[in-house]
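These are the residues of each chain, in order.
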Protein chains: 2
Amino acid sequence: MKDFFNVVTIEQALAFRSEFSKMKIETIPLMDAFERVLAEPVTATENLPDFRRSIMDGYAVCAASTFGATEGNPAFLAIKGTAHMGETPGFTVGIGEACRISTGGMLPDGADSVVMIEHTEAMDTSTIEIYRSAAPGQHVIETGEDFFKDDSLLPEGRRLRAQEIGLLAAFGKNTLKVYRKPVVAIISTGDEVVPITETPAPGKIRDINTYSLSSMVKACGAIPVSFGIIPDNSENLNQTLSLALKTSDMAMISGGSSVGVRDVTIDALSSLPEPRILFHGISISPGKPTILAISQNKALWGLPGHVVSAMVVFLKIVKPFIEHISGIKDHPFQTIRVPARLSRNLSSAQGRVDYVRVKLRQMNGNLLAEPVLGKSGLINTMVKADGLIEIGLNVEGLVQGEAVEVELFG
Amino acid sequence: MKDFFNVVTIEQALAFRSEFSKMKIETIPLMDAFERVLAEPVTATENLPDFRRSIMDGYAVCAASTFGATEGNPAFLAIKGTAHMGETPGFTVGIGEACRISTGGMLPDGADSVVMIEHTEAMDTSTIEIYRSAAPGQHVIETGEDFFKDDSLLPEGRRLRAQEIGLLAAFGKNTLKVYRKPVVAIISTGDEVVPITETPAPGKIRDINTYSLSSMVKACGAIPVSFGIIPDNSENLNQTLSLALKTSDMAMISGGSSVGVRDVTIDALSSLPEPRILFHGISISPGKPTILAISQNKALWGLPGHVVSAMVVFLKIVKPFIEHISGIKDHPFQTIRVPARLSRNLSSAQGRVDYVRVKLRQMNGNLLAEPVLGKSGLINTMVKADGLIEIGLNVEGLVQGEAVEVELFG
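Each residue is numbered by its place in its chain's sequence as written, counting from 1. To read the labels, note that chains go from A and ligands from 1, taken in the order they are written. This being a predicted model, a pLDDT of at least 70 is required before a residue's local features are given, and a value of 80 or more before pairs of side-chain atoms are given or counted; all residues contribute to the totals for chains, interfaces and linings.

Caption draft 1: Quick peek at unusual backbone geometry. Residues and elements named next belong to chain A. Cis rather than trans, the peptide bond between Leu-48 and Pro-49 has omega equal to -10 degrees. Mapped onto the elements of the fold, Pro-49 is located in the loop between strand S2 (42-43) and strand S3 (53-54). Of note in the backbone geometry, His-139 takes a positive phi value of approximately 60 degrees without being a glycine. Numbering of helices and strands runs from the N terminus; a helix is a DSSP stretch of H or I covering at least four residues, while a strand is a stretch of E covering at least two. The topology assignment puts His-139 in the loop between strand S9 (127-130) and strand S10 (140-141). The residue Gln-296 is not glycine, and still its phi comes out positive at about 50 degrees. By the secondary structure assignment, Gln-296 is in the loop between strand S20 (291-295) and strand S21 (298-303).

Structure below.
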């Protein structure tokens, strides 16, 4: 039994992230910043809101003017004026007085609460009846209630969702510093692989990996660049890899699972400036024959050729490296893991982590994870599946009904 | 107590989706099709693979030649030749014979299985020892094992993940029909709203909704077009809405929560060609004062002005309409709901569905959903939250420890 591999665990593999620097920083308009990664911490430059706002249509009052008011025993208040939207009311409201106000309007001085219009009745143009007591602060957003000046708003490394974009708009961050998107080169190899526009001759197969891996790179917020299919010989691969290293921030060679191609891949990686092979094999299944090299601070991957293996290695290993250089700090719910129950027994070899494709099904309010079994060369198993479950390094298997966490595909 | 609303339930609101047609179809390159929606069913035009492939490096054999082989009692086989990658082997393999083969190589006629190289030893250039029995079909992908010719591959209406893109590559679908991306117009209103580049005068506030809603439109795979901030008067809004209707597939007016602005919004919607107000108010909180109108087969929304209300209404109501016109068919795990336990009691009014922002926390292997309470005008509550839980129409509240489903923010 030959050992082709210098095998690392998944934790050891992921620890090599620290060898790689983050992307450079660029300044972009806020309107383009959705899903980008913030490269600077952001602090509140003012109070939000910077004045007391009504959150209802009605009347701004002193709460004390309304204490004890009911439908049978209303409070009568004199209308002092109207708080026009976007303007400072030019008067104050005292006991026994009220000010017409709309949602979003600024409370006049003296008023401390708002009575909803539904709980009032206009007697004439200058007097209203109020049917309910207002508590101080009722239906009002206080100055700084959302954020106070100098509050920390967002840390560096946060990937921006819609609400973070809204938050930055609230503070007038019209442009902001983000990390550049990594450019990831994708190189297919294999004498049996033909472009998808060709009808494969007997023994040949179309290039799936360029397409599935490009999509996964996009899903990470990075930019895929396809270098096409490179014949299985060192010279071609050396040249292409050298070009990829110049023009990209990371490169992936897929298709080199057979021993011969793996050797060519290793040769090509070794031909780069100051190369180091960081590992050669990971104790996972599928995906064991994965290679990671570094040259000029860039990660260069030799991925397995089987379609499922390449995708699983991408999700579990390559993606965390892309996120690392993208500047994303760990965020607990960025990768979504859904608790479910396993539908059947699953065996597993000790000494490796197994990733099993599963389909999810609702059952009695719980989720059932049904393994989609099949060889890692079969893409139908990925198309049928909703996500992956993990069987740990030293676990012999999982039993039916056992609790599992399903990492959903994007 | 005045009733401003003609209120529908959330189910009634969503049922109005059937009033709107799907987007037109366009043909695009596969490389651009990630996350697009397929507008045609796709069928297998050939077997995948179209030949018997090895999934290991080793020797293709007749399994019967190896029966009973062990390390102590190996089988001796004559090497007939090599299956070169991407080529049809020009010979057959019989009993007592073997063929060198790499991962992905085509099996020669006669061979029915592959013995891994690790379980063999070359005696000389023409003979190998085999140490394990092979079962027929072992380490082989049969012709059509992934898909048979004429198998249904993907239905119309499927949003394409990385694996679907790979699948389409496997069958040479270099271009494909997808639904066009909807263009969604975003109009902000309110005399108190200023562009984010301005420092708000007292009583004014920056335009958050244009930014948060644009991001959410992008997250749906649609294209946002901002029409800026339109003053609160009918003429301006009529003109802008009329332009939006001509150039977009859907329009949203946000900020019209106060009675006056709501009236102006209704007036503007009514000024469009053959307008119909489909509903005016939904029994949800936050988000009750939502308006949906139709004109020329396009949906026109009056969204509440509060930042949180606008985002919740977008996620729960507008997004399903965008998905509908985008051609997306229901897919169980497209919207991700994570089971969790509630961290505290929550009360709720009957007769409406409440959406409560929650933060998720891992606790003893389970997820705890902690409500992020706060007024719907406060964006900090959305920034702190990971998702939403729902309290049903006729539920008075939820108790601590109760099982809830959290719909995660994208």
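Additional details are given in the paragraphs that follow.
Caption draft 2: Spotlight on helix H4 (residues 234-247) of chain B. All names here are of chain B. In a helix, the anticipated span is given by 1.5 Å times the number of residues less one. Its 14 residues give H4 an end-to-end C-alpha distance of 20 Å, which sits within 8% of 20 Å, the value for a rise of 1.5 Å per residue. For H4, every residue scored as buried is listed here: Leu-237, Thr-240, Leu-241 and Ala-244. With its buried residues spanning 100 degrees around the axis, H4 presents them on a single face. Turned more than 90 degrees off the buried face of H4, the exposed positions are Glu-235 and Lys-246. Exposure criterion: with C-beta atoms placed from backbone coordinates, a residue whose C-beta has 20 or more other C-beta atoms within 10 Å is buried, one with 12 or fewer is exposed, and one in between is partly exposed. Arc, as used here, means the arc of the directions from the helix axis to the C-beta atoms.

Caption draft 3: Up close: the packing of helix H3 (residues 209-219) of chain B against helix H6 (residues 307-325) of chain B. Residues and elements named next belong to chain B. Convention adopted: a line fitted to C-alpha atoms gives each axis, helices being fitted over their contacting stretch, and angles between N-to-C directions are expressed from 0 to 180 degrees. Axis separation between H3 and H6 bottoms out at 10 Å; the angle between their running directions is 20 degrees. Looking at the two axes, H3 sits roughly parallel to H6. Note on packing geometry: the crossing formed by H3 with H6 is right-handed. On H6, the residues that touch Asn-209, Ser-212, Leu-213 and Met-216 of H3 are Val-307, Ala-310, Met-311 and Phe-314. Gly is placed with the polar residues, together with every amino acid not listed as nonpolar (Ala, Val, Leu, Ile, Met, Phe, Trp, Tyr, Cys and Pro) or charged (Asp, Glu, Lys and Arg). Here the residues of the contact of H3 with H6 are counted per class, giving six nonpolar, two polar and no charged. Put simply, angles under 35 degrees are roughly parallel, angles over 145 are roughly antiparallel, angles from 65 to 115 are roughly perpendicular, and the rest are oblique. Two helices crossing with the near one rotated counterclockwise from the far one by less than a right angle form a left-handed crossing, whereas a clockwise rotation gives a right-handed crossing. Note on contacts: residues are paired as contacts if their backbone-placed C-beta atoms lie within 7 Å.

Caption draft 4: Highlighting the packing of helix H3 (residues 209-219) of chain A against helix H2 (residues 162-170) of chain B. It is the contact of H3 of chain A with H2 of chain B, at a shortest axis distance of 7 Å, that shows an interaxial angle of 155 degrees. For the element pair H3 of chain A / H2 of chain B, the angle class is roughly antiparallel. Where H3 of chain A crosses over H2 of chain B, the handedness of that crossing is right-handed. Residues Tyr-211, Ser-212, Ser-215, Met-216 and Ala-219 of chain A of H3 of chain A lie in contact with H2 of chain B, whose contacting residues are Ala-162, Gln-163, Ile-165, Gly-166 and Ala-169 of chain B. Classifying every residue of the contact of H3 of chain A with H2 of chain B gives six nonpolar, four polar and no charged.

Caption draft 5: Focus on the interface of chain A and chain B. Residue-level contacts link 82 residues of chain A with 82 residues of chain B. Only helix H2 (162-170), strand S15 (205-206), H3, helix H5 (259-270), helix H6 (307-325), strand S22 (337-342), strand S24 (353-363) and helix H7 (380-384) of chain A provide two or more residues apiece to the side of chain A that touches chain B. Looking at which element gives the most residues to the side of chain A that touches chain B, the answer is H2 of chain A, with eight residues. Taken together, the residues that form the side of chain A that touches chain B break down as 39 nonpolar, 24 polar and 19 charged.

Caption draft 6: Inspection of the relation of the copies chain A and chain B at higher detail. Superposing copies: least-squares fit, C-alpha atoms only, residues required to have pLDDT of at least 70 in both. Each copy superposes on the other: chain A lies on chain B with an RMSD of 0.1 Å after a rotation of 180 degrees and an axial shift of 0.0 Å. Look at the turn and shift together and you get a two-fold axis relating the two. Within chain A, Val-338 of chain A has its C-alpha nearest the rotation axis, a separation of 2.9 Å. Of the interface residues in chain A, 100% have counterparts in chain B that sit at the interface too, so the contact is made through matching surfaces.

Caption draft 7: Spatial organisation of the pairing of strand S21 (residues 298-303) of chain B. Residues and elements named next belong to chain B. Of all six residues making up S21, six are buried, and the element is well covered by its neighbours. For two strands to count as paired, DSSP must find a minimum of two bridges between them. The pairing of strand S17 (residues 250-254) with S21 spans five bridges and is parallel. Across the sheet, the residue bridging to Ser-254 is Leu-303, located in S21. Sheet topology places strand S20 (residues 291-295) next to S21; five bridges connect them, and they run antiparallel. Bridge pairing links Ile-294 to Ala-299 in S21. Hairpin remark: S20 followed by S21, antiparallel, with two residues in the connecting loop; positive phi at Gln-296, about 50 degrees.

Caption draft 8: Geometry of the confidence of the model for chain A. Mean pLDDT over chain A stands at 92; residues scoring 70 or higher make up 96%. Predicted as a complex, the structure gets a pTM of 0.93 and an ipTM equal to 0.92. The pLDDT score gives, residue by residue, the confidence of the prediction method on a 0 to 100 scale.

Caption draft 9: Layout of the environment of Lys-288 of chain A. Mapped onto the elements, Lys-288 of chain A comes out in the loop between strand S19 (284-285) and S20. You can call Lys-288 of chain A partly exposed: it has 17 C-beta atoms within 10 Å.

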